[in-house]
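So the chains spell out like this:
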Amino acid sequence: MRTLIVLLAIVCCLGATASVAPLDLLQKGRDEYRGGNYSDAARDLRDAAQGFMSPAEMQHYIDTGHYSSLGDFETALIYLSLAYDKMGRTREAREPVLRILAAERVEPHYADLKLDADASDFEALANRVAPAVPLPPNAALARLRGVTPQAPVAVAAATPPPVSSAAASVNTADMAAPTPPAAASTSATAAAPSSSGSAAEATPPPVASASTATSPSPASELPAATTAAAASASNTPASNAPQSPDAPKPAVQPTVVEQRAAEQQRVEEEAGQKVVAERAELERRTLERIAAERAAAEKAASEKIAAERAASERASDVKVAAALAESERAASDRIATERAASEKAATDRIAMERAESERAAAEKIAAARAEAERAAADRIAAERAATEKSANERIAAARAAADRLAAERIAAEKAAADRAANERVAAAQAEARRNLYTTLRQAEAFATNGQIDSANGVYTRLLSSPDASRDALAVVASGLYRTGDFTRAVQAFQKIGTFNRGEEDLRYYYAVSLYETGHYADAQRELTCALPFIEINDSVARYRAKIEGSNARQAAVR
């Protein structure tokens with residue numbers, strides 16, 4: 001946790017993320033430093049350092065416990081400190097050194113960095129601007145000086161000089177704290193005379209006067225490297241007296257200004273670490289809460305959709321079954337009623353006719369009995385047939401009406417169910433489009449943060465999607481062009497089809513992608529169509545010259 005806080009503190013000290021790759025910025029800054037362009041070198045090296053401390057690298061460190069770009073980050077800070085020193089900005093040159101010291105607490109890399117001769121003054125600069133915590137010797141710089149690199153040698157703390165009587169008012173509890181031993185690098189001590197502050201800087205400061213002895217800063221908080229500097233100064237060639245290697249070196253008291261500056265720096269560093277730790281904890285809790293709320297919302301939405309779909313299907317099935325049962329029951333009731341009425345009417349008519357026939361037959365007992373019975377039988381048969389036919393027709397009509405009514409109800413309920421299903425499908429398609437735009441924004445974020453492989457992976461999946469719209473394909477093609485995947489960019493532009501008016505920028509991207517994939521004639525055609533409608537900047541002019549030159553060479557070969 002302390003290591004993560006150190007990393008966050010380093011990130012908070014840097015500026016905005018550069019749009020160029022950090023390694024390219026590092027190389028550019030080193031070239032500018034070697035050419036004497038220190039102002040531009042400082043700018044590019046500062047942006048390179050920020051690029052190496054990107055959020056993606058931080059997340060990778062959290063996941064794996066290893067920071068792969070820490071060596072490049074320290075290299076950028078080394079040259080940044082040298083550039084500030086060349087411009088005479090010593091205070092600003094100290095800040096990169098302190099960041100390197102903080103990075104070394106995460107993972108030590110400085111001793112193994114592959115540094116060139118142009119960085120040979122850095123260790124002397126580091127000892128000059130931040131002597132309290134010396135860096136280990138760098139193996140590459142030691143070989144350039146012809147010195148075998150050695151580990152830092154601990155220097156014993158010397159007995160402090162006697163305090164004047166005016167200092168008796170100092171808090172005795174503060175003075176009782178022992179002075180911590182100072183750690184100094186042998187290579188740093190050897191390089192000190194060759195730096196710009198050779199003899200003047202090695203001279204120890206004067207002992208505090210009576211007024212400075214009353215400062216509230218305890219003697220235990222004095223920088224240990226001041227003792228080492230005094231020891232180095234006492235061993236200069238100006239002293240001819242032989243000294244034992246194990247002899248104690250005299251300690252030098254720092255000035256009140258140095259004490260206050262050291263105390264202020266310590267307080268500022270502690271406050272910065274607390275702020276960074278609290279900010280990291282707040283961000284972690286916020287991300288966890290957002291993730292939990294999003295998962296709960298997605299789960300609730302899925303459960304609600306499933307429940308509504310099941311309820312709708314159950315209600316539809318119940319309604320259809322009820323309608324069918326009601327239709328069949330009504331048809332059966334109507335058929336039974338009409339059949340009973342028809343049979344009753346037929347029976348009544350038969351009885352009446354039979355009574356009439358019997359009366360007529362009674363009148364014509366002898367002569368007309370046979371004729372009357374035959375006629376009555378014929379009429380009964382005819383009426384029965386007609387009645388049965390009428391009943392059957394009414395039964396068929398009632399059944400057809402009931403079937404038609406049931407079919408209409410079924411069709412209406414089916415249409416309602418289809419409409420609801422179409423609405424759900426439309427909502428799902430809208431959600432899919434939102435997910436597509438979210439994926440495109442994620443790919444653009446990957447490309448912006450320098451994660452080119454991740455961005456190309458997202459663009460390739462979208463390019464292979466059969467549901468991708470023309471606008472989405474245009475964004476995918478532009479993204480692949482920006483990330484330099486020109487082969488897939490050509491495929492994406494070809495899937496777009498004919499370019500519309502106002503899409504001349506896409507046509508220019510298509511021309512560049514065709515040129516980079518070796519289709520020079522097609523690139524010339526698309527560039528010719530796009531040039532009248534786009535702004536001619538340095539990049540456009542450069543590719544125009546490349547494409548026209550390639551076509552001219554091909555024509556010359558033919």
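Keep in mind that this is a model prediction, so the values were computed, not measured.

On a plain count of helices and strands, the protein comes out with 20 helices and two strands. Sorting the 558 residues of the protein into buried and exposed places 32% on the buried side. Contacts in the protein between residues at least 24 apart in sequence constitute 70% of all its contacts with a sequence separation of at least 6. Of the roughly 32900 Å² of accessible surface on the protein, 56% is carried by carbon and sulfur atoms.

Right, let's get into the nonpolar core. Judged by nonpolar contacts, the single largest core of 40 residues is most densely connected at Phe73, Ile78, Leu82, Tyr110, Leu115, Phe122 and Leu135. Every element with two or more residues in this core is listed here: helix H2 (22–34), helix H3 (38–52), helix H4 (55–64), helix H5 (70–86), helix H6 (90–106) and helix H7 (122–129). Ala455, Ala477, Ala511 and Ile534 belong to the second-largest nonpolar core, a separate cluster that totals 38 residues.

This next bit is on the packing of H2 against H5. At a closest axis distance of 10 Å, the pairing of H2 and H5 adopts a crossing angle of 30°. When the axes of H2 and H5 are compared, the pair comes out roughly parallel. The way H2 lies across H5 gives a crossing that is left-handed. Facing Leu23, Leu26, Arg30, Tyr33 and Arg34 of H2, the residues of H5 in contact are Asp72, Thr75, Ala76, Tyr79, Leu82, Ala83 and Lys86. The residue inventory of the contact of H2 with H5, partitioned by class, reads seven nonpolar, one polar and four charged.

This part covers the packing of aromatic side chains. All chains considered together, the criterion is met by 11 aromatic pairs. Their ring planes at 70° and their centres at 6.3 Å tell us that Tyr481 and Phe486 sit as a pair that is edge-to-face. The same class applies to Tyr481 as to Phe486, namely buried. For the ring pair Phe499 and Tyr510, a centre distance of 5.9 Å and an interplane angle of 45° mean the geometry is tilted. Linking Phe499 in the loop between helix H17 (486–496) and helix H18 (504–516) with Tyr510 in helix H18, this pair joins segments that are 11 residues apart in sequence. One exposure class covers both Phe499 and Tyr510, and it is buried. Above the face of the Tyr543 ring, Lys546 is positioned so that its terminal group lies 4.9 Å from the ring centre.

In a regular helix each residue adds 1.5 Å, so 20 residues correspond to 28 Å; helix H20 (residues 538–557) covers 29 Å between its end C-alpha atoms and thus fits that length. Listed as buried for H20 are Val540, Tyr543, Ile547, Ser550 and Asn551. Along the axis of H20, the buried positions cluster into a sector of 100°, meaning they face one direction only. Residues of H20 that are exposed and angled more than 90 degrees away from the buried face: Asp538, Ala545, Arg553, Ala556 and Val557. In this structure, the buried residues of H20 make contact with H18 and helix H19 (520–530). The distance from a side-chain oxygen at the start of H20 to the backbone nitrogen of Ser539 is 3.2 Å, and the residue carrying that oxygen is Asn537.

Look at H3: 21 Å from first C-alpha to last across 15 residues, which is about the 21 Å you get at 1.5 Å a residue. Listed in full, the buried residues belonging to H3 are Ala41, Ala42, Asp44, Leu45, Ala48, Ala49, Gln50, Gly51 and Phe52.

Scoring rules and cut-offs
Residues numbered from 1 in each chain as written. Predicted model: local features only at pLDDT ≥ 70, side-chain atom pairs only at ≥ 80, totals over all residues. Heavy atoms only, no water. Helix = DSSP H or I, 4+ residues; strand = E, 2+ residues; numbered from the N terminus. Buried < 20%, exposed > 50% of the residue type's maximum accessible area, 1.4 Å probe, protein only. Contact = heavy atoms within 4.5 Å. Areas by Shrake-Rupley, 256 points an atom, 1.4 Å probe, with all protein chains shown as cover. Core = buried A, V, L, I, M, F, W, Y, C linked by side-chain atoms within 4.5 Å. Axes fitted to C-alpha atoms, helices over the stretch in contact; angles between N-to-C directions. Parallel < 35°, antiparallel > 145°, perpendicular 65-115°, else oblique. Left-handed = near helix turned anticlockwise from the far one by under 90°. Nonpolar A, V, L, I, M, F, W, Y, C, P; charged D, E, K, R; others polar. Phe/Tyr/Trp six-rings, centres within 6.5 Å; stacked < 30°, edge-to-face > 60°. Lys NZ or Arg CZ within 6 Å of the ring centre and 35° of its normal. Expected span 1.5 Å × (residues − 1). Arc of directions from axis to C-beta. Polar contact = N/O pair within 3.5 Å; in protein donor to acceptor, adjacent residues only side chain to side chain.

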